[in-house]
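Descriptive structure summary
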Amino acid sequence: MTGLSDRTALRWGGATDVGRVRTSNQDNYLARQDKGIWAVADGMGGHNGGEIASQIACQMLGEAFAEPTVEGLVDAIEAANAAVHRAGADDPQLTGMGTTVVALAVVEHEGDEVLAIANVGDSRCYRYAAGELDQVTTDHSLVADLVREGSLSPEEAAVHPQRNIVTRVLGPQDEVRVDVFAVDPHDGDRFVLCSDGLFSEVPEPAIAAVLATTEDPEEAAHELVRLAVDGGGRDNVTVVVVDVVGDGGRAAEASAALARDGGLTAEGRPEPRPSPAYAPEADPRRRARRRTDTAELEPVVTDDGDDDLDDDEDRPPRHRKRRRVTWRVVLFTVLLLVVVGGAVATIHWYGTSAYYVGFDGDRVAIFKGRPGGVLWVDPELVERSDLERDRVPRSRVADIEAGIEQSSLSDARRYVANVTEQADELEQRRAATTTTAPPTTAPPATAPTTAPPPTTAPPG
Ligand code: MG
């Protein structure tokens, strides 16, 4: 393909940070200016699985992006999915590892050059243009689904405890569904690819402010990462900023066309630019949802397995998508409830399945539960014994203070009886010593010089 580099000129900068809480950075990013592709990946999985998944995805994406078209980008992401999946299947410790990905590539489309933006998971692409920040991609996450459903507001989603649950990732399955958006590159546009560590710490107006004031993309990426770390840094954070610094006169052409057609808003700003259509019917491997003419950023959903839905042309596309999302959310919620319910039951069982001996005020007592409690399950007082704290043999005090666990109530009673017996014995012995041999006890401190100690050994 000729003319790719002379029509669209891009500059980029990237930064990543482990944050303040995590011990490892499971994010990765790819920047291949030579191939015209950039990406951010946010990995997940134990035993370094997250780091490995995002690293394999970035590397494979760079290698597999051979054909600069929308389909070429989707193919490369599918290759990255297959590579992560294989690596997970080959190593039992890495089974189930996965990674999000958001990628931006310069591609040829209908004889023109556009930016293809693809995502899987909740890593995002934003576009900053004409002083406004828009989210180009749609998150594949539980909270994003709930926002689309209307059961959660974007403000609630931003602080929702389950906001990091993703509904689509590369790796766990051998196939993946990729969303693609096609955007015209206009001189001055800035694109931000980022992991959720950025937008969960930095509000969008603050992201826009950095893009408005920091011209160099490398500096802007570092500044955004710094804001996320300073804002709490509860997750790894990765940012790649890609700037359009030349569009071969495209922006000027578009403005002229808009002015000619009277397409200026009251504020004098150009109306949203229609994006080029991705013609999936030309690609027999894929089917796309119908685009709406008003959409500025057109999602191109590659739906290899959903022909049944797309064949039903009578129903509006929005409705069809909504119905499927609802079904998935219901299934996901049910599974989540089962898992959470199981965890709650297990914790409750663990928290109440034992007895321990401890102190209740000044008495030794038997409790049902675990010393100190387990999460919300507090121990329960079963019975107080007659044994007072001061009578407990010194060797046992620390154990009882900490709570000494017993497997049953009768074991706990036996333990208390044992300690009581020991305390009685000690007391008897002490009483006997006091009555039979008074001179061996310490002499009264008030008369150290006058009392002759005839029965004790002479000092020295
Ligand atoms: Mg993350």
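Residues numbered from 1 in each chain as written. Predicted model: local features only at pLDDT ≥ 70, side-chain atom pairs only at ≥ 80, totals over all residues. Heavy atoms only, no water.

A separate point is the overall build of the chain. For the chain, the count of helices and strands is 13 helices and 16 strands. Considering the chain as a whole, with its 460 residues, one finds that 42% of them fall into the buried category. Residue pairs in contact within the chain that sit at least 24 positions apart in sequence constitute 65% of those at least 6 positions apart. Just so you have it, the chain exposes about 23700 Å², and 53% of that area is on carbon and sulfur atoms. (Helix = DSSP H or I, 4+ residues; strand = E, 2+ residues; numbered from the N terminus. Buried < 20%, exposed > 50% of the residue type's maximum accessible area, 1.4 Å probe, protein only. Contact = heavy atoms within 4.5 Å. Areas by Shrake-Rupley, 256 points an atom, 1.4 Å probe, with all protein chains shown as cover.)

Ranked by size, the top nonpolar core spans 31 residues in total, and within it Leu61, Leu73, Ile77, Leu170 and Val178 carry the most contacts. For this core, the leading source of residues is helix 3 (residues 70-90), giving eight residues. Ile207, Val210, Ala220 and Ala228 belong to the second-largest nonpolar core, a separate cluster that totals 22 residues. (Core = buried A, V, L, I, M, F, W, Y, C linked by side-chain atoms within 4.5 Å.)

In this section: the confidence of the model for the chain. Mean pLDDT over the chain works out to 82, with 78% of the residues at or above the 70 mark. Between residues 263-298, whose pLDDT stays under 50, and residues either more than four places distant or in other chains, the model counts 86 contacts. Confidence drops under a pLDDT of 50 for residues 437-460, and excluding neighbours within four residues, the segment shows two contacts in the predicted structure. (pLDDT = per-residue confidence, 0-100.)

Within the protein, the magnesium ion binds to Asp42 (OD), Asp196 (OD) and Asp235 (OD); these donor distances fall in the range 2.1 to 2.2 Å. Sequence spacing of the donors to the magnesium ion: D-x153-D-x38-D. With a gap of 154 residues between them, Asp42 in strand 3 (residues 37-44) and Asp196 in helix 6 (residues 196-199) connect regions that are remote in the sequence. Exposure class is identical for Asp42 and Asp196. Each is buried. (Donors = N, O, S within 2.8 Å, 3.2 Å for Na, K, Ca; no water.)

This part is about the sheet that holds strand 13 (residues 355-360). Strand order across the open sheet formed by four strands is 15-14-13-16, with antiparallel pairing between neighbours. Each edge of the open sheet carries a strand with a single partner, namely strand 15 (380-388) and strand 16 (404-406). In this sheet, neighbouring strand axes are inclined to one another by 30 degrees on average, regardless of whether the strands run parallel or antiparallel. Relative to strand 16, strand 13 runs antiparallel, the two being bridged by three bridges. In the sheet register, Tyr356 faces strand 16, and the bridge partner there is Glu405. (Pairing = 2+ DSSP bridges. Axes fitted to C-alpha atoms, helices over the stretch in contact; angles between N-to-C directions.)

Moving on to unusual backbone geometry. Even without glycine at this site, Glu110 takes up a positive phi of about 50 degrees. You will see that Leu375, though not glycine, has its phi angle at about 50 degrees, which is positive. On the basis of relative accessibility, which here comes to 66%, the residue Leu375 falls in the exposed class.

Following both chains from N to C, one finds helix 2 (residues 49-64) and helix 3 inclined at 140 degrees, their axes separated by 8 Å at the closest point. As far as their axial angle goes, helix 3 and helix 2 are oblique. Our pair here, helix 2 against helix 3, has a crossing hand that is right-handed. For the pair formed by helix 2 and helix 3, the contact residues are Ala53, Ile56, Ala57, Met60, Leu61 and Ala64 on the first element and Ala76, Ile77, Ala79, Ala80, Ala83, Val84, Arg86 and Ala87 on the second. Grouping the constituent residues of the contact of helix 2 with helix 3 by class yields 13 nonpolar, no polar and one charged. (Parallel < 35°, antiparallel > 145°, perpendicular 65-115°, else oblique. Left-handed = near helix turned anticlockwise from the far one by under 90°. Nonpolar A, V, L, I, M, F, W, Y, C, P; charged D, E, K, R; others polar.)

Spatial ordering of the open sheet is given by 1-11-10-7-8, a layout of five strands whose pairing is antiparallel. Strands at the two margins of the open sheet, each flanked by one partner only, are strand 1 (9-17) and strand 8 (132-135). Strand-to-strand twist across the sheet, computed as the mean angle between neighbouring axes with direction ignored, equals 20 degrees. Note: strand 1 against strand 11 (residues 237-246), nine bridges, orientation antiparallel. What sits directly across from Thr16, in strand 11, is Thr238. Across the sheet, helix 7 (residues 204-213) touches strand 7 (124-129), strand 8 and strand 10 (190-194), and the angle it forms with strand 7 is around 55 degrees.

Moving on to the packing of helix 7 against helix 8 (residues 217-230). Packing of helix 7 against helix 8 leaves a shortest axis separation of 9 Å and a crossing angle of 150 degrees. Taken as axis vectors, helix 7 and helix 8 run roughly antiparallel relative to one another. Regarding helix 7 and helix 8, the two cross each other, and that crossing is right-handed. Mapping the contact onto sequence places Ala206, Ile207, Val210 and Leu211 in helix 7 and Ala220, Glu223, Leu224 and Leu227 in helix 8. Its residues placed into classes, the contact of helix 7 with helix 8 shows seven nonpolar, no polar and one charged.

As enumerated under the stated definition, the model contains one aromatic pair in all. Where Tyr356 meets Phe367, the ring centres are 5.0 Å apart and the plane angle is 15 degrees; that geometry is what we call stacked. Taken together, the residues Tyr356 in strand 13 and Phe367 in strand 14 (residues 363-368) connect sequence positions 11 residues apart. The exposure classification of Tyr356 matches that of Phe367, with both residues buried. The positively charged end of Arg124 is found above the aromatic ring belonging to Phe199, 3.6 Å away from the centroid. Taking NZ or CZ as reference, Arg389 lies 4.0 Å from the ring centre of Phe359, over its face. (Phe/Tyr/Trp six-rings, centres within 6.5 Å; stacked < 30°, edge-to-face > 60°. Lys NZ or Arg CZ within 6 Å of the ring centre and 35° of its normal.)

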